[in-house]
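Reading the structure
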Amino acid sequence: MNDTNYMMQAIEVAASVRMRTSPNPWVGCVIVTADGQTFTGATEAPGGRHAEIVALDAARLAKAQLQGATVYTTLEPCSHQGRTGPCTEALINAQVARVVSAITDPDAQVGGQGFQALRNAGINVEIGLCANLVNEQLRPYLHHRTTGQPFVILKMATTLDGQTAAADGSSQWITGEAARVASHQLRAESDAIVVGARTVRTDNPSLTTRLVDGPSPRRIVLGKVAADAKVNPCLEWDQSLPDLLDTLGQEGVLQVMVEGGATVAASFHRENLINQYIMYIAPAFMGGNDGTALFMGQGAGSIDEMWRGSVRSMRMLGTDIEIVIDNNSR
């Protein structure tokens, strides 16, 4: 195997802990000893070991010789004392010869200092292998560390003619089972989920991850809800949306999922607070204009004012289509 193969293995290991590490980044590590033995590690839940330490411990458990080993890690090893000790110190003490990392950690406590500590100890450091893949994998974490706010995704289910509910307000279910499972996966990957009080009154959702094996996000309602609403316990928010994102960012929330309704979606959209739009489109028509549009309220006054993003991906989910659209201005 070559360097790229090992880094791809580290990326795969990191993906396996995506839902368990927040507010820490989900990192993967592969250690290859001088005699060709391979050991992997992934970041544990907060308070647990970082990926590099997990891999080092696995190698030591197997009584492998670490001197002269090569370490592949998706993110720069930390060099500060947090809940756990510095990974750079552990790598230096293990006398590894080479560290190959995809990207620099933008966290103010790291920011290149980890790489410098390794170089100062005589370890060969190489940066940038598979950087585009890791930048995508760690996008919520990187956004949080560079802006102080969580990465915001908007998820909406719609018909082909852009309706999110019928004239009587009913919306369950526009899309099929596969799209709903994908939506629950997004919930599990998000630290918090936001809905409007009207959606809670109309649908009384629980906003859990009952369709997938993953943690349910914190629930935030814009407005007041009844004490017996299924969404409880929740945070009832009545201040501005930017203030909400600032507050959640300070609390270590890396990703927020906005799940409706159309008025809430429009509010986040008009304030340019959405990083990524995820649309689930059913092969169905409401057939009129008396239903609920994707966004409620006044839209662009002209074609020149129309919002445009870029399509990141498309896929079929059963009979529905998932389209992921990036906001290039945020």
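Rules behind the numbers
- Residues numbered from 1 in each chain as written.
- Predicted model: local features only at pLDDT ≥ 70, side-chain atom pairs only at ≥ 80, totals over all residues.
- Heavy atoms only, no water.
- Helix = DSSP H or I, 4+ residues; strand = E, 2+ residues; numbered from the N terminus.
- Contact = heavy atoms within 4.5 Å.
- Areas by Shrake-Rupley, 256 points an atom, 1.4 Å probe, with all protein chains shown as cover.
- Lys, Arg positive; Asp, Glu negative; His and termini not counted.
- Charge placed at Lys NZ, Arg CZ, Asp CG, Glu CD.
- Phe/Tyr/Trp six-rings, centres within 6.5 Å; stacked < 30°, edge-to-face > 60°.
- Lys NZ or Arg CZ within 6 Å of the ring centre and 35° of its normal.
- 1 Å grid on protein atoms, 1.4 Å probe; cavity = no way out; pocket = protein on both sides within 12 Å on 5 of 7 lines; lining within 4 Å.
- Points joined across faces, edges and corners; volume = space filled by probe spheres on them.
- Nonpolar A, V, L, I, M, F, W, Y, C, P; charged D, E, K, R; others polar.
- Domains from an automatic or database assignment.
- Pairing = 2+ DSSP bridges.
- Axes fitted to C-alpha atoms, helices over the stretch in contact; angles between N-to-C directions.

**Things to note about the overall build of the chain**
Helix and strand counts for the chain come out as 10 helices and 15 strands. Considering only intrachain contacts with a sequence separation of at least 6, the fraction spanning at least 24 residues in the chain is 72%. For the chain, the computed accessible surface area is about 15,200 Å², with 49% contributed by carbon and sulfur atoms. Each charge class in the chain was averaged separately, 25 positive and 33 negative side chains, and the resulting centres sit 3 Å apart.

**Observations concerning the packing of aromatic side chains**
Following the criterion strictly, the structure yields two aromatic pairs and no others. In this arrangement the basic side chain of Arg-18 is found over the ring face of Trp-26, its NZ or CZ atom lying 4.0 Å from the centre. Over the ring of Trp-173 we find Arg-180, and its NZ or CZ is 4.5 Å from the ring centre.

**Examining the layout of surface pockets**
Its volume calculated, the second largest pocket comes out at about 690 Å³. Taken together, 26 residues make up the lining of the second largest pocket; nearest its centre are Glu-136, Leu-186, Glu-189, Gln-276 and Ile-278. Split by residue class, the lining of the second largest pocket holds 14 nonpolar, five polar and seven charged. Looking at which domains feed residues into the lining of the second largest pocket, each of domain 1 (3-143) and domain 2 (149-327) supplies at least three.

**Thoughts on the environment of Ser-267**
Looking at the secondary structure, you find Ser-267 in helix H10 (residues 262-270). When the C-alpha atoms of Ser-267 and Glu-251 are compared, they prove to be 23 Å apart, with 16 residues separating the residues in sequence.

**Things to note about the sheet that holds strand S2 (residues 38-42)**
Think of a sheet as strands paired side by side through backbone hydrogen bonds, with each pair either parallel or antiparallel. Taken in spatial order, the five strands line up as S2-S1-S3-S4-S5 in an open sheet, and their pairing is mixed. This sheet does not close on itself; its edge strands, each paired only once, are S2 and strand S5 (124-127). Shown here is a sheet whose adjacent strand axes are inclined to one another by a mean of 15°, direction ignored. Here strand S1 (residues 28-32) runs beside S2; their pairing, made up of five bridges, is antiparallel. Bridge pairing links Val-30 to Thr-40 in S2. The strands touched by helix H2 (residues 51-61) within the sheet are S1, S2 and strand S3 (70-75), with S2 carrying the most contacts at an inclination of about 145°.

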